[in-house]
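Letter by letter, the chains look like this.
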Amino acid sequence: MTVPTGRRERKKAATRQKIADTAMRLFLERGYDEVGIRDVAAEADVAVTTLFSHFASKEALVFERDTDFERRLTEAVTDRGQDEPLMAALRREVQALVAHCAAPGAAPVWRMIDASPALRQYEESMRLRHADSLAAAVAADLGLPRTTTTCRAIARFVVDAHALARTADDPRTAVDDIFRMIEAAWAATGARTS
């Protein structure tokens, strides 16, 4: 996550984090469906309007690092070294993201997400948005039109690699296995790989 530099930005970031931490604690203690927005705001000692100025919905409280995740995926493309192949950069970033999501203590959060139709739907729409952003970054990197089917398909595979690997017994090996398939598909397109 980007560290804010100014005092006002730091205060906003601290408030946002306080709300997110409070919400997650309440959701895990009481159950996602049992906790309302007003409960979170009251416990975090903020107004409901303040909560909504930081989070667009109740579901967004659970996925508070959503924007950071999306940014990291696109930056894996745009900020990689000149000699680093595209797929290697994406594999490295997905490995890091999966390590975060498969860390000790993450299991109760994923069980809560899996048990909630609203959270599963939100996660799916989030993944589609991430894939669209990643596809645009890949297309721009290669000088291709944004709607190139190849870039969109590869981006979906990369984003779905995260979802598949985080539930595997050995997430690191799962990412490597999945990326071997993604790299083969990418190579089959004849697209430039670096």
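This text goes with the structure placed above it.
Residues numbered from 1 in each chain as written. Predicted model: local features only at pLDDT ≥ 70, side-chain atom pairs only at ≥ 80, totals over all residues. Heavy atoms only, no water.

A. Examining the side chain of E93 more closely. Relative to the helices and strands, E93 is located in helix 6 (residues 86-101). E93 sits in the buried class, given a relative accessible area of 11%. A distance of 2.6 Å separates the side chain of E93 from the side chain of R72, its partner in a polar contact. Excluding anything up to four places from it in sequence, E93 contacts R72, L73 and A76. (Helix = DSSP H or I, 4+ residues; strand = E, 2+ residues; numbered from the N terminus. Buried < 20%, exposed > 50% of the residue type's maximum accessible area, 1.4 Å probe, protein only. Polar contact = N/O pair within 3.5 Å; in protein donor to acceptor, adjacent residues only side chain to side chain. Contact = heavy atoms within 4.5 Å.)

B. Fine view of the nonpolar core. L90, L134, V138, V158, F179 and I182 are the most contacted members of the largest nonpolar core, which totals 30 residues. Contributing elements (two or more residues each) for this core: helix 5 (66-78), helix 6, helix 8 (117-142), helix 9 (149-165) and helix 10 (171-188). With 28 residues, the next largest nonpolar core counts M24, L26, Y32 and Y122 among its residues. (Core = buried A, V, L, I, M, F, W, Y, C linked by side-chain atoms within 4.5 Å.)

C. Region of the structure containing the side chain of Q95. Summarising the element assignment, Q95 is placed in helix 6. Aside from chain neighbours lying at most four places away, what touches Q95 is P171, R172, V175 and D176.

D. Structural context of the pattern of salt bridges. Evaluated as defined, the whole model comprises 18 salt bridges. Where D68 meets R65, a salt bridge forms, and the shortest distance between an N and an O atom there is 2.7 Å. On the basis of relative accessibility, which here comes to 29%, the residue R65 falls in the partly exposed class. Through salt bridges with shared partners, one network takes in E123, E124, R127, D160 and R166. (Salt bridge = Lys/Arg side-chain N within 4 Å of Asp/Glu carboxyl O.)

E. Up close: the packing of helix 7 (residues 107-115) against helix 8. Taken N-terminus to C-terminus, the directions of helix 7 and helix 8 make an angle of 100°; their axes are 5 Å apart at the nearest point. Relative to helix 8, helix 7 is oriented roughly perpendicular. For the pair helix 7 and helix 8, contact is made by W110, M112, I113, D114 and A115 and by P117, L119, R120 and E123, respectively. (Axes fitted to C-alpha atoms, helices over the stretch in contact; angles between N-to-C directions. Parallel < 35°, antiparallel > 145°, perpendicular 65-115°, else oblique.)

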